[in-house]
Structures are given as C-alpha cells and as structure tokens.
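Here's the letter readout for the chains.
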Amino acid sequence: MPAIPGHILSQINSPKDLKRLTEEELPELCKEIREFLIEETSQNPGHLGSSLGAVELAVAIHYVFDTPYDKLIWDVGHQAYAHKILTGRRDLFHTNRMYGGISGFPKMSESEYDAFGTGHSSTSLSAALGMAIASGLQGNHDRLHISVIGDAAIAGGMAMEALNNAGIHKANLLVILNDNGISIDPNVGAFNDYLARMTGDQPALHTRSNFFEAFNFQYFGPIDGHDVIQLVKQLKEIRLIPGPKLLHAITTKGKGFKKAEEEQTVYHAPGLFNKVTGEIKTTDSPGMIPPKYQDVFGETIIELAEKNDRIVGITPAMPTGSSLNLMMAKMPHRAFDVGIAEQHAVTFAAGLAAQGMIPFCNIYSSFMQRAYDQVIHDVALQKLHVVFCLDRGGLVGEDGATHHGTFDLAYFRVIPNLTICSPLNEEELRNMMYTAQLPGAGTYVIRYPKGRGVMPGWNRPFKALPAGKGRKMQDGKDMAIISIGHIGNEAAKAAIQLESQSISVAHYDIRYLKPLDEVLLHEIFTRFDKVITVEDGTITGGLGSAVLEFMSDHHYKADVTRLGIPDRFIEQGRVGELQHECGFDAEGIINTILNFKF
Ligand SMILES: Cc1ncc(C[n+]2csc(CCOP(=O)(O)OP(=O)(O)O)c2C)c(N)n1
C-alpha cells in the first residue's frame, strides 16, 4: 500500500510548490518527508539511513536554488529519496527499485531534476565541474552547479582529483559535504580523521589549516545539516559568492528513526522492517537455508589465513557487504578496509604480493570496473599472486543498471596471465579460494553472485580444483549446454525438466573461463552439433564468445546459441525477473532448446 503523504507534502508536486511555503513550514515538511520515507521503505526496501540523513539538505537546496536550471548532483545517489519525492516522484515512490518502477538512484532519463546519473561513488565533483566549465564556455555565469557528497565519498580518488582540478578554475561550483561521520561501515582513513578533528567536540583539536581552503575553495561551516532554517539562510548567502565553495554540513545517518540512528550500518539498507519498532523482518523461509556466497568467502578466508600466514584480506569500503568484516574482527592486522578506493585496493594488493604476501582482494564486480588498468598494469603484467574475489557478479537486482556486475567475464577474459573461474555453488567457491592460494597459482579471479548458494552443507574439507578443468554435470545425447558459475543451477534444472519431454541434454560446467578446458570442448564439439552457452553476464565477449572462438579456431561446425545479457543496460528489478527478461532462467533455457529442431 503506497504511503499517504502528510498535509504539506501532499501539496508538493515540484520545487515550485516547495518555494511557496514559508520558511517556518519547512521543519514540518521535513518531518512529513521522513514519515513518508520510513513508511515506504519499511514495505519496499531501499537505502534508508543515508536518505533520512539528507532530508533537510534536499528541502533547503530545492527551496533556495533554481533547480533544474541550477544543476544538482547527488554523489552515489543512495541518499536522494527526499529529492525524488520533492521533484515529482512522490506518487511513484512506492515503485522505487522495482521492475518497471523508478530507479533507486538519480537518473537523467527519469527526471530533468536528476542532472547526472549516479550510483558509483565520488563522481559528482568531476561532473559538476564539467557542467560548470561548460556553462562558462557557453557564456552562462549565473547557473550554479551543486554536488552533494558524503564524508566517505569525498575521500575517494576521483573526488580528490576533481577538488584538485576545481581549485584552479573560477567555476560556479558548490560542494555540500554531507558529513555524517560514517560510510556504510565505520569510516576509515586519515582524511576521515581530519574531518573528525575539524568538527569534534574538543575545540583544542580543531585544526587551523583548512584543507579545502588550501585547495582554493571558500569554506563555510560546519553547520547543523538538520536545521533546515539555518541551512536555507546559509545557502542564500552562498548563492551570491562566485567561484568554488564548500559548505560543510554535519548530519546524522538514519536521522529521526531511532533504530537507524543506533545501528547505522544495518540500516544503511535494512530490507523490510517494522515501521514502528524498526525491527527487521526476515524474508527467509525457515529450515535449512544455504549460506550467502559472501559469508562463505568471509569464513573461508579466515580458515585459509589461519593455515597460511601470507594471506591478507582487502576490501574497498565494503566490509559488511563482502563479509570481510569477519576477518577484520578476528585478524585485524591482516584485513584492510582501504576506503572507497578500488584502484588503490588493487595496487595495494600488488605491492603486498610483490613482497610475498597473498592478498585476497574482494571487490564488487561493478566497482572493479574502476580498477581495470591496475589489474592489467600492476598485477597481471607483473604476474603477481593476487586473488581477486569478485562479489555481486551478474545481475544484482534492485540496485539496477549502475550496480549489475555483468561485464567482468568479458573485460577480464582479454587480459593475459589471468586465471578466471566462477563457482556453481558455495562449496566450489571454497575450493576455488583454496586452489587460488596454492603456490604458483598466479593472478586469480573468482567471480560469484549476490545472494545465497544452493546447498546448506558446504563446510567440507578443501579440495583443489585444477585451473582449466571443467566437468560434465549430466550426460545426454541430443545437445549440450555449457554454463559458467551459479547460473548453471538454472541450466541443470532445465536439463532435468527436458528429460520429461524426451530431449536428452548434456550439461557441462566449464568452471574456468580462462584457461578454457579444451579437452572438454573438443568432446562437446565432437559429439554435438547443437550447443547452448549460458552465463549471467554480457554475451558480448564472455563465455559464449570464448566458445565461438574455440569452435572457429578448431574448425568445428555447430549450431551455437548464446544466452546471457544482451548488449544493452539492464534496469532494476528482482534478480529472477531480470534473468527472465534476459531469457537465461530455467524457463528461458528450456524455450531456447525447444526452438531447436531435433
Ligand atoms: C565506486 C564505489 N564503491 C563502493 C560503493 C558502495 N557504497 C555505496 S554508499 C557507500 C558509502 C558512502 O558513504 P558516504 O559518502 O559517507 O555517504 P553516506 O552513506 O554516509 O551518506 C559505499 C561504500 C559505491 N557506490 N561506489
């Protein structure tokens, strides 16, 4: 049931309506927005904590500035729910993150008020600066370009590069630092220490030298980011000041919802919860449930590290999301959260490996896109023994196009010296991690999906899975399916269901995308003239392409159909809905096979 907006919010269909309110009415509006957000996200999960913390910022910005003429960019964009609600999407908000609904992140195609699409961190300063320079070149010196960025995101490399660049321009740029003192997990890094010293309750520690002023920004604040009337006053003054400027606003993540303020990491994106007590509702059915892949990673790295003291763990700002937090708690000196810094994470791993350590560098597939050159130039070229664990490989669901991990198989396959594999289930993940740390394994990429595996009893002794060796899951005589990774479970279901229709399907789990199991592929192309490849990744350049290349190189002739993600961006929805759209769930595989002529 969509939430019913309060009496002020119900009249706000655009920032024009907002501007008709008196300043005195704004605190009540903020309260109504919070109630609306809590009600909506309690029944349709999303990014709660950050959005609750940015309500006053959104109201004040749209109240004072002339959006969409003035350009407003929300860094990461997970805190922009109030902005969406104020800019014409209140009545659509119950479709947030749903299939066919509105995106959970700002998106240019969704609204003229979303000046720039975001999702990955630390891009907003570069984009705002680019827009500001464009305005100047086009003779417009009056338009303001605003970036709202968190204390963790501003420490990301791109944001630092943009600050460095912005400081030499006279561009009409306003950075609003939304400082809530926390990332998803506790914030890390020396810059975070600096911000804490700057704003802490011990004035003796307040630094005199101001980092932002040193970068030629005019600095304002710190200001209470929940005092909407003060914010409005301050923003009105800042509006008149030319050049790059930064307003430092202190906020509380989860503001106004007790549980979300108390447990900020959990309530960053809590899933379904009770809107009164905040208690989180579990959606898992009772009984034996398989573990999440991320937890298998988290438990297994500890087990391996206990036996092999050269193993260390690295995460760029995703300790809880990757479950490396388990190792950080148990072996704090051997597990590192380096902040939102994927490029650094990879080259930091390279340095560790160059000195004989074996780093397990865990990066979400989609965020790994940031560190492509570091993998090539700093790791693969130098044949370093780094194990990349790519979590959230494949379609991730409700986070949508910015977060799907769909390109990794294709973008890594072209890099020499890499070994690339993907487990069918959680036991295989464990065994791949074990294999990857054995002496001489070289650079390994292990790619696994979001969510749960398929078998509760995965905790068996380790077994090496030799690189470049796949396996036959099921024999058959009419045709062959070749799959990679967890999506192979859909292929297995399809193969079984087709038996009842008297179609005998052989199913091969290739396990390693690189090196390919050529013995297995020769067997397949010798025996079958109908082949389907199945992957939860782009069909351009991934497993399907590799199989076609093999077929052509060895002059086989077969009817090969590639199932995977088509050459377009896939939006948000449940993973099952999206797999269905792409046609590689069990039903899609069956339909494809039924189209063959036997
Ligand atoms: C490149 C990249 N790495 C990691 C993430 C995952 N991520 C989303 S929000 C977030 C923390 C952001 O913290 P902060 O900027 O302080 O904003 P807050 O959530 O506290 O409002 C992280 C690490 C991301 N979106 N993009």
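Sequence order as written defines residue numbering, which begins from 1 separately in each chain. Note on the predicted model: pLDDT of at least 70 is required for a residue's local features to be given, and 80 or more for side-chain atom pairs to be given and counted; whole-chain, interface and lining totals, by contrast, use all residues. The basis for every side-chain value is the complete set of heavy atoms in the structure, and neither hydrogens nor water enter the calculation.

K.L.:
I'm lost on the overall build of the chain in this one. Help?
P.N.:
Secondary structure elements are taken from DSSP: a helix is a run of H or I of four residues or more, a strand is a run of E of two residues or more, and numbering for both begins at the N terminus. Each helix and strand counted, the chain has 24 helices and 17 strands in total. In terms of C-alpha radius of gyration, the chain reaches 26 Å, essentially the compact-globule figure of 25 Å for 598 residues. Principal-axis analysis of the C-alpha atoms gives the chain an extent of 75 × 55 × 50 Å. The classification of residues rests on relative accessible area computed with a 1.4 Å probe and restricted to protein chains. Under 20% of the type maximum is buried, over 50% is exposed, and intermediate values are partly exposed. The buried share of the chain, taken over its 598 residues, is 59%. Within the chain, contacts between residues separated by at least 24 positions form 77% of all contacts whose residues are at least 6 apart in sequence. Surface accessibility of the chain: about 23,800 Å² in total, with carbon and sulfur atoms responsible for 54%. Residues counted as positive are Lys and Arg, residues counted as negative are Asp and Glu, and His and the chain ends are not counted. Charge placement uses NZ in Lys and CZ in Arg. For Asp and Glu, CG and CD serve respectively. In the chain, 54 positive and 69 negative side-chain charges are present, and the distance between their average locations comes to 2 Å. Radius of gyration means the value over C-alpha atoms here, while the globule rule gives 2.2 Å times the residue count to the 0.38 power. Two residues qualify as a contact provided that any one of their heavy atoms is within 4.5 Å of a heavy atom in the partner residue. For every accessible area listed, the method is Shrake-Rupley and the probe measures 1.4 Å; residues are considered covered only by the protein chains on display.

K.L.:
What should I look at first to understand helix α4 (residues 55-64) in this one?
P.N.:
The α-helix advances 3.6 residues per turn, and as a result positions three or four apart in sequence lie on the same side. In terms of residue burial, α4 counts as a mostly covered element, since 10 of its 10 residues are buried. Taken residue by residue, α4 has Val 55, Glu 56, Leu 57, Ala 58, Val 59, Ala 60, Ile 61, His 62, Tyr 63 and Val 64 as its buried positions.

K.L.:
Where do I start with the state of the cysteines in this structure?
P.N.:
Between two cysteines, a covalent bond joining their sulfur atoms is known as a disulfide. When two cysteine sulfur atoms are found within 2.5 Å, that pair is recorded as a disulfide. The final tally for this structure, using the stated rule, is 0 disulfides. Cysteine Cys 361 shares no disulfide, and the gap to the nearest cysteine sulfur, in Cys 389, comes to 8.6 Å. Exposure remark for Cys 389: the relative accessible area of 0% places this residue in the buried category.

K.L.:
Is there a simple way to explain the site of the ligand in this structure?
P.N.:
One heavy atom suffices: a residue is near a molecule or strand as soon as one of its heavy atoms comes within 4 Å of it. Taken together, 22 residues surround the ligand, and among them Ser 50, His 78, Asn 180, Ile 182 and Glu 342 come closest. Here a polar contact is recorded for every N or O atom pair within 3.5 Å, except that within protein the pair must consist of a potential hydrogen donor and a potential acceptor, and residues adjacent in sequence are included only if both atoms are side-chain atoms. Between the ligand and the protein, one listed contact pairs a nitrogen atom with a backbone N or O atom of Gly 119 at 2.9 Å. In this structure, an oxygen atom belonging to the ligand sits 2.8 Å away from a main-chain N or O atom of Ile 182. For the ligand, the accessible surface in isolation is 590 Å², of which the surrounding protein chains cover 97%. Lys, Arg, Asp and Glu make up the charged group, whereas Ala, Val, Leu, Ile, Met, Phe, Trp, Tyr, Cys and Pro make up the nonpolar group; the residues left over, Gly among them, are polar. Its residues assigned to classes, the shell around the ligand comprises 9 nonpolar, 9 polar and 4 charged.

K.L.:
Explain unusual backbone geometry to me, please; I cannot follow it from the model alone.
P.N.:
Trans is the common state for peptide bonds, and a negative phi is the common state for residues other than glycine. The omega angle of the peptide bond from Thr 67 to Pro 68 is 5 degrees, so this bond is cis rather than trans. Inspection of the secondary structure puts Pro 68 in the loop between α4 and β1 (71-74). With an omega dihedral of -10 degrees, the bond running from Lys 514 to Pro 515 counts as a cis peptide bond. Along the chain, Pro 515 turns up in the loop between β15 (512-514) and α21 (518-527). In the Ramachandran plot, Ser 502 falls in the positive-phi region, its phi being about 60 degrees despite a non-glycine side chain.

K.L.:
Quick question: what am I supposed to make of the packing of aromatic side chains here?
P.N.:
Each aromatic ring pair is summarised here by two numbers: the centre-to-centre distance and the angle between the ring planes. When the centres of two rings from Phe, Tyr and Trp lie within 6.5 Å, Trp using its six-membered ring, the rings pair. Their planes under 30 degrees apart give stacked, over 60 give edge-to-face, and anything left gives tilted. Counted according to the given criterion, the structure contains 24 aromatic pairs. By way of ring pairs, the aromatic residues Phe 191, Tyr 194, Phe 211, Phe 212, Phe 215 and Tyr 219 are connected into one cluster.

K.L.:
Teacher, can you tell me more about the confidence of the model for the chain here?
P.N.:
Low pLDDT means the predicted coordinates in that region are not meant to be read closely. For every residue, the predictor reports its confidence as pLDDT, a number between 0 and 100. Of the residues in the chain, 99% reach a pLDDT of 70 or more, and the chain-wide mean stands at 96. Confidence, read as mean pLDDT per element, is least for helix α8 (residues 190-199) in the chain (92) and greatest for strand β9 (residues 387-391) (99).

K.L.:
I'm lost on the environment of Arg 310 in this one. Help?
P.N.:
As for its position among the elements, Arg 310 is in the loop between α12 (293-307) and β6 (311-315). Owing to a relative accessible area of 37%, Arg 310 belongs among the partly exposed residues under this scheme. Along the sequence, Arg 310 and Ala 353 sit 43 residues apart, while their C-alpha atoms lie 9.2 Å from each other. If sequence neighbours within four positions are ignored, Arg 310 has contacts with Arg 334, Gly 356, Met 357 and Ile 358. In terms of polar contacts, Arg 310 uses its side chain to reach the backbone carbonyl oxygen of Gly 356, at 2.6 Å.

K.L.:
Help me out: how do you make sense of the side chain of Lys 84 in this one?
P.N.:
For Lys 84, the location among the structural elements is in helix α5 (residues 81-89). For Lys 84, the contacting residues outside a window of four places in its chain are Arg 89, Arg 90, Ile 102, Ser 103, Gly 104, Phe 105, Pro 106, Glu 110 and Asp 114.

K.L.:
Would you mind showing me how to read the nonpolar core here?
P.N.:
Buried together is how nonpolar side chains tend to be arranged in soluble globular proteins. Think of a nonpolar core as a cluster: buried Ala, Val, Leu, Ile, Met, Phe, Trp, Tyr and Cys residues, connected wherever their side-chain atoms sit within 4.5 Å. Ranked by size, the top nonpolar core spans 52 residues in total, and within it Leu 29, Ile 33, Val 59, Ile 61, Ile 146, Leu 174 and Leu 235 carry the most contacts. Looking at this core, the element that brings in the most residues is α4, giving 8 residues. What Ile 33 contacts, discounting residues up to four positions off in sequence, is Leu 9, Val 55, Val 59, Ala 82 and Leu 86.

K.L.:
Sorry if this is basic, but what is going on with the side chain of Ser 135 here?
P.N.:
Within the secondary structure, Ser 135 is located in helix α6 (residues 124-137). Residue contacts for Ser 135: discarding those within four places in its chain leaves Asn 140, Arg 143 and His 145.

K.L.:
Can you help me understand the sheet that holds β15 in this one?
P.N.:
What links the strands of a sheet is backbone hydrogen bonding, and the strands pair in either a parallel or an antiparallel sense. A strand pair is defined by DSSP finding two or more bridges across the two strands. A sheet is described by the order of its strands in space; here 7 strands give the open sequence β7-β6-β8-β9-β11-β10-β15, paired in mixed fashion. At either end of the open sheet lies a strand with only one pairing partner, and these are β7 (335-337) and β15. Strand after strand, the sheet turns through a mean of 20 degrees between neighbouring axes, direction not considered. For β9 and strand β11 (residues 443-447), the ladder comprises 4 bridges, and the chain directions are parallel. Across the sheet, the residue bridging to Leu 390 is Arg 447, located in β11. Simply put, an axis is a line fit to the C-alpha atoms, just over the touching stretch for a helix, and the angle between two N-to-C directions goes from 0 to 180 degrees.

K.L.:
I would appreciate a short explanation of the pattern of salt bridges in the present structure.
P.N.:
Should their charged atoms come close, side chains of opposite charge can pair. What counts as a salt bridge is simple: a side-chain nitrogen of Lys or Arg found within 4 Å of a carboxyl oxygen of Asp or Glu. For the structure shown, the criterion picks out 32 salt bridges. Among the ionic pairs, Asp 70 bridges to Arg 239, the shortest N-O distance being 3.3 Å. With Asp 70 in the loop between α4 and β1 and Arg 239 in helix α10 (residues 228-239), the pair connects residues that are 169 residues apart, well separated along the chain. In this structure, Arg 89 and Asp 114 form a salt bridge, with 2.7 Å as the shortest nitrogen-oxygen distance. Here Arg 89 is found in helix α5, whereas its partner Asp 114 is found in the loop between α5 and α6, with 25 residues between them in sequence. Judged by its relative accessible area of 4%, Arg 89 falls in the buried class. Here Asp 114 falls in the buried class, since its relative accessible area comes to 2%. What you see here is one network of salt bridges that share partners, running through Lys 84, Arg 89, Glu 110 and Asp 114.

K.L.:
Would you mind showing me how to read the sheet that holds strand β5 (residues 245-250) here?
P.N.:
Strand order in this open sheet of 5 strands is β1-β2-β3-β5-β4, and the pairing throughout is parallel. At either end of the open sheet lies a strand with only one pairing partner, and these are β1 and β4 (218-224). Across this sheet, the average inter-strand angle for adjacent strands is 15 degrees, counted without regard to direction. The pairing of strand β3 (residues 173-179) with β5 spans 6 bridges and is parallel. Within the sheet, the bridge partner assigned to Leu 174 lies in β5 and is Lys 245. Strands β1, β2 (145-150), β3 and β5 of the sheet are contacted by α4, whose axis makes an angle of about 170 degrees with β1.

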